[in-house]
Every structure is written in structure tokens, then in C-alpha cells.
Amino acid sequence: MLREDKKAKYNSSRMVVGVLIVLIAVAIGYCFVLSGQLHTANNNVMMLKAQVETLRTEKEELAAENELLQEKVLVLSDTVNDKMQQEEKREELDARLAQTYIPKGFPVKGAASFSENGTELDGNPIVVFSVPKGTSVVPTAKGTVSSIAGSEVAGYIVMIDHGNGYFSVYRNGTEPKVREGDEVTVATEIFAITEGFEELGYQVIQNEVYINPLDLMETYG
């Protein structure tokens, strides 16, 4: 009976020991699993930190690039504004220059009289000025002498091409002071009126059609 009790106690002890061993093994296994998970978690944290650092660096680089782009935009904007202002000035100068080639000036340097009533020559409008001896006849705008025709007996005809569809025509018996091909301005002398030729015929052609010079003339002298 005593032997059986000892045997039972021994078996019970072995069972407890076995259970403890199993529990310890489970605990060790669980700790190993937790250790692996912790290592994985640490790796993930390190990767996230690296990604955060990369994103921070990229953000700083993008901010610097954006600042540089803004500076370039400001410079480009200033350049565009300067070019626009220069273009506006150029267009204004071109417009002013173009005006100097429109025959709207007075063809006589000094006093002259004329009739404002309609006058025609061969069916085309003409203004006939009475001009004192010694008076200079001048172009009414810049241009080029395109042709000179006639004679002292028949009278001379000087035609000036203003290069924009306008031609101005000057008729007088005095020998012209200009030659074909001459570049002229409003200060160039075409005729110096001499005795016996105190009349000047003046015409304007626009796009191959004669127009009334008075409609274009800014001043009558």
C-alpha cells in the first residue's frame, strides 16, 4: 500500500514536471515569437523613419525649387513687361515715323494764297497756290523723288513717292532743285520760285486715286 502511494506520488511529480516543461517551452516559444515581432516592428519603425526623412528632404528640395521658380517667374515677368514697354515704345515711334511719310504738310516755305473752292486739272483735284518770287517749294512729307517731267516752257512736274500708297505732285515752270531718286524731307527745296512762275500746282494721290489735298493738309500756312 505504501509502495503504491509512493508510486502515485512519483507519477504525479513527473506529470507536474512535464507540465512545467511544456509551459516553459511554450513560454520560450512565445518569447521567441514576440522577439521576432518586436524585431520586425523595430525594422518597420526604422523604415518609416527613413521614409519620413526622405520625404522631409524632398519637401525641402521642392520648397527650394519652388522658391527658385518663383524668382525665375518674377524675372521673366519683369523681362516680359520690359519687352512689352519696349514694343509699345517701338510701335509709338513707328506710328510717329509713319506720320512723317503722309503728305499733310504745307508745300510752301512761307506765305502763299490759294482758293479753297474746288479746282480740277484733267478731271482730278488740284490746289493752285499764288507764291511770291524767291519762295521755296518743299515736300509735304518725307519720301523719294520718283519722277521729274516737263520743261520750262511746258512746266515741270515733280512727283514724290512717300512709300505708303501716297504720292505728292508739284507743278511749276522753275527748274527743279531735286533729281529723280533723291531722298527728301520737309526741309528739301523742290523749287525756288522765279519771276514769271509765281503759281504752284499741288496734287495728292492716294492708292492711285487723286484726292483733294486740302482734305489731308494740316495747315494752310
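Cut-off values and rules
- Here the residue index of a chain counts from 1 through its sequence in written order.
- For a predicted model such as this one, the threshold for reporting local features is a pLDDT of at least 70, and the threshold for listing and counting side-chain atom pairs is 80 or more; totals across whole chains, interfaces and linings nevertheless cover every residue.
- Side-chain numbers here rest on the full set of heavy atoms in the structure, without hydrogens or water.
- Runs of E in the DSSP output that reach at least two residues are strands. Runs of H or I that reach at least four are helices, and both are numbered from the N terminus.
- Only C-alpha atoms enter the radius of gyration, while the globule expectation follows 2.2 Å times N to the 0.38, with N the number of residues.
- Type-normalised accessible area, obtained with a 1.4 Å probe on protein chains alone, sets the label of each residue: buried when under 20%, exposed when over 50%, and partly exposed for intermediate values.
- Note on definitions: a residue-residue contact is assigned when non-hydrogen atoms from the two residues lie within 4.5 Å.
- Accessible surface area values rest on a Shrake-Rupley calculation with a 1.4 Å probe, where residue burial reflects the displayed protein chains alone.
- For the charge count, each Lys or Arg is scored as positive and each Asp or Glu as negative, with His and the chain ends excluded.
- In plain terms, the charge of a residue is placed at NZ if it is Lys, CZ if Arg, CG if Asp and CD if Glu.
- Two strands pair if DSSP finds at least two bridges between them.
- Only rings of Phe, Tyr and Trp enter the pairing, Trp through its six-membered ring, and a pair is recorded when the two centres are within 6.5 Å. The plane angle decides the type: under 30 degrees is stacked, over 60 is edge-to-face, the rest tilted.
- The set of buried Ala, Val, Leu, Ile, Met, Phe, Trp, Tyr and Cys residues whose side-chain atoms join them within 4.5 Å is what this entry labels a nonpolar core.
- The pocket and cavity definitions rest on a 1 Å grid over protein atoms only: a 1.4 Å probe that fits but cannot leave marks a cavity, an open set with protein on both sides within 12 Å along at least five of seven lines marks a pocket, and residues lining either have an atom within 4 Å of a point.
- Grid points are joined across faces, edges and corners, and a volume is the space filled by probe spheres set on the points.
- Only Asp, Glu, Lys and Arg are considered charged in this grouping, and only Ala, Val, Leu, Ile, Met, Phe, Trp, Tyr, Cys and Pro are considered nonpolar; every other residue, Gly among them, is considered polar.
- Every residue gets a pLDDT, meaning the predictor's confidence in that residue, from 0 to 100.

1. Quick word on the overall build of the protein chain
Step number 1: In terms of helices and strands, the protein chain carries 2 helices and 13 strands.
Step number 2: Taken over C-alpha atoms, the radius of gyration comes to 53 Å for the protein chain, far larger than the 17 Å a tight globule of 221 residues would show.
Step number 3: For the protein chain, the C-alpha atoms occupy an extent of roughly 175 × 30 × 30 Å along the three principal directions.
Step number 4: The burial tally for the protein chain puts 23% of its 221 residues in the buried class.
Step number 5: Long-range pairs, those at least 24 residues apart, make up 63% of the contacts in the protein chain with a sequence separation of at least 6.
Step number 6: Surface summary for the protein chain: the accessible area is close to 15400 Å², and the carbon and sulfur share equals 58%.
Step number 7: Averaging the locations of the 20 positively and 32 negatively charged side chains of the protein chain gives two centres separated by 28 Å.

2. Some details on the sheet that holds strand 11 (residues 191-192)
Step number 1: In spatial order, the strands read 1-6-11; together these 3 strands make up an open sheet with antiparallel pairing. The open sheet has two edge strands, strand 1 (108-109) and strand 11, and neither has a second partner.
Step number 2: With 2 bridges joining them, strand 6 (residues 136-137) and strand 11 adopt antiparallel strand pairing. Across the sheet, the residue bridging to valine 137 is phenylalanine 191, located in strand 11.

3. Topic: the packing of aromatic side chains
Step number 1: Applying the stated criterion across every chain, the model contains 3 aromatic pairs.
Step number 2: Geometrically, the ring pair formed by phenylalanine 106 and phenylalanine 129 is edge-to-face, given 5.4 Å between the ring centres and 90° between the ring planes. Taken together, the residues span a long stretch of sequence, with phenylalanine 106 in the loop between helix 1 (2-99) and strand 1 and phenylalanine 129 in strand 5 (residues 127-130) at a distance of 23 residues.
Step number 3: Residue phenylalanine 106 is classed as buried on the basis of its relative accessible area of 11%.
Step number 4: Here a set of aromatic residues connected by ring pairs shows up, and it is made of Phe106, Phe114 and Phe129.

4. As for the environment of asparagine 81
Step number 1: If you trace the backbone, asparagine 81 turns up in helix 1.
Step number 2: Looking at asparagine 81, the relative accessible area reads 35%, which means it is partly exposed.
Step number 3: Each C-alpha atom of the pair asparagine 81 and phenylalanine 114 lies 51 Å from the other, and the pair is 33 residues apart in sequence.

5. So, the nonpolar core
The nonpolar side chains of a soluble globular protein tend to be buried with one another.
Step number 1: Counting residues in hydrophobic clusters, the biggest one holds 26 residues, and the most contacted among them are Phe129, Tyr170, Ile190, Phe191 and Leu200.
Step number 2: Listing elements by their share of this core, those giving two or more residues are strand 5, strand 8 (155-161), strand 9 (166-172), strand 12 (199-206) and helix 2 (213-216).

6. Section: the layout of surface pockets
Step number 1: Of the volumes computed, that of the largest pocket is approximately 160 Å³.
Step number 2: Along its surface, the largest pocket is lined by 14 residues, and Ala154, Gly155, Arg171, Asn172 and Gly173 are the ones closest to its centre.
Step number 3: Residues of the lining of the largest pocket, tallied by class, amount to 7 nonpolar, 4 polar and 3 charged.

7. A closer look at the confidence of the model for the protein chain
Step number 1: Looking at the protein chain, the pLDDT average stands at 86 and 90% of residues meet or exceed 70.
Step number 2: Confidence, read as mean pLDDT per element, is least for helix 1 in the protein chain (77) and greatest for strand 6 (98).

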